[in-house]
Amino acid sequence: VQLVESGGGLVQPGGSLRLSCAASGFTFSRYYMNWYRQAPGKERELVASITRVGRNTDYADSVKGRFTISRDNAKNTVYLQMNNLKPEDTARYYCAADRSWGPSSSPDYWGQGTQVTVSS
């Protein structure tokens, strides 16, 4: 099983990034997919979630209206489009696959994460 995130980097405030998470080794379409983030000294936060066929999504209040989660089950990939980025969005972003909906301290599968830094 693998979840491999990509697309992180350094961006100025107000900029955009698109994160991708490529999944393999499990039946991707049977899992809810989530993006979490963790900043140094802070607890891990569930940022965005998407249902198995992408019909429904959910977001943390801190990112609503700026981030969009989507998935392509044909490509076994989940995305996180991040617009109008703020310095407080700086964190390591992880994708996670789960058979249950909602925040979890132990999703079924985790990726290694990709770093997002928002700074001028």
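Our subject in this report is the structure included herewith. Because the structure is predicted, anything quoted here is derived from the model rather than measured. (Residues numbered from 1 in each chain as written. Predicted model: local features only at pLDDT ≥ 70, side-chain atom pairs only at ≥ 80, totals over all residues. Heavy atoms only, no water.)

Some thoughts on the overall build of the chain
From N to C terminus, the chain includes zero helices and eleven strands. Scanning the chain from its N terminus toward the C terminus, one meets helices and strands in the order β-β-β-β-β-β-β-β-β-β-β. The C-alpha radius of gyration computed for the chain amounts to 13 Å, which stays within 12% of the reference 14 Å derived for 120 residues, consistent with globular compactness. Taking the principal axes of its C-alpha atoms as reference, the chain extends roughly 40 × 25 × 25 Å. Split into buried and exposed, the 120 residues of the chain put 44% on the buried side. (Helix = DSSP H or I, 4+ residues; strand = E, 2+ residues; numbered from the N terminus. Rg over C-alpha atoms; globule rule 2.2 N^0.38 Å. Buried < 20%, exposed > 50% of the residue type's maximum accessible area, 1.4 Å probe, protein only.)

Some words on the layout of surface pockets
Here the largest pocket is characterised by a volume of approximately 170 Å³. Forming the walls of the largest pocket are 13 residues, and the residues nearest its centre are Arg37, Lys42, Glu45, Ser62 and Glu88. Partitioned by chemical class, the residues of the lining of the largest pocket number two nonpolar, three polar and eight charged. (1 Å grid on protein atoms, 1.4 Å probe; cavity = no way out; pocket = protein on both sides within 12 Å on 5 of 7 lines; lining within 4 Å. Points joined across faces, edges and corners; volume = space filled by probe spheres on them. Nonpolar A, V, L, I, M, F, W, Y, C, P; charged D, E, K, R; others polar.)

Brief notes about the pattern of salt bridges
With the rule as written, the count across this model stands at five salt bridges. Taking the shortest distance from any N to any O, the salt bridge between aspartate 61 and lysine 64 comes out at 3.2 Å. Classification of aspartate 61 as exposed rests on a relative accessible area of 66%. Between aspartate 108 and arginine 99 there is a salt bridge, with its nearest N and O atoms 2.6 Å apart. Looking at aspartate 108, the relative accessible area reads 25%, which means it is partly exposed. Salt bridges linked by common partners bring Arg37, Glu45, Arg66 and Asp89 together as one network. (Salt bridge = Lys/Arg side-chain N within 4 Å of Asp/Glu carboxyl O.)

Considerations on the state of the cysteines
Covalent bonding between the sulfur atoms of two cysteines defines a disulfide. Taken as a whole and assessed by the stated rule, the structure comprises one disulfide. Linked covalently through their sulfurs, cysteine 21 and cysteine 95 form a disulfide whose S-S length is 1.9 Å. With cysteine 21 in strand β3 (residues 17-24) and cysteine 95 in strand β9 (residues 91-98), this residue pair connects regions lying 74 residues apart in the sequence. Each of the two residues, cysteine 21 as well as cysteine 95, counts as buried. (Disulfide = S-S within 2.5 Å.)

Notes on the nonpolar core
The biggest cluster of nonpolar side chains holds 30 residues, and the ones touching the most others in it are Trp35, Val78, Leu80, Met82 and Tyr93. Where this core is concerned, the elements lending two or more residues are β3, β4 (32-38), β5 (45-50), β7 (67-72), β8 (77-82), β9 and β11 (114-118). In this structure, tyrosine 93 is in contact with Glu5, Leu19, Trp35, Tyr36, Arg37, Val47, Phe67, Leu80, Met82, Gly113, Thr114 and Val116, ignoring residues within four places of it in sequence. (Core = buried A, V, L, I, M, F, W, Y, C linked by side-chain atoms within 4.5 Å. Contact = heavy atoms within 4.5 Å.)

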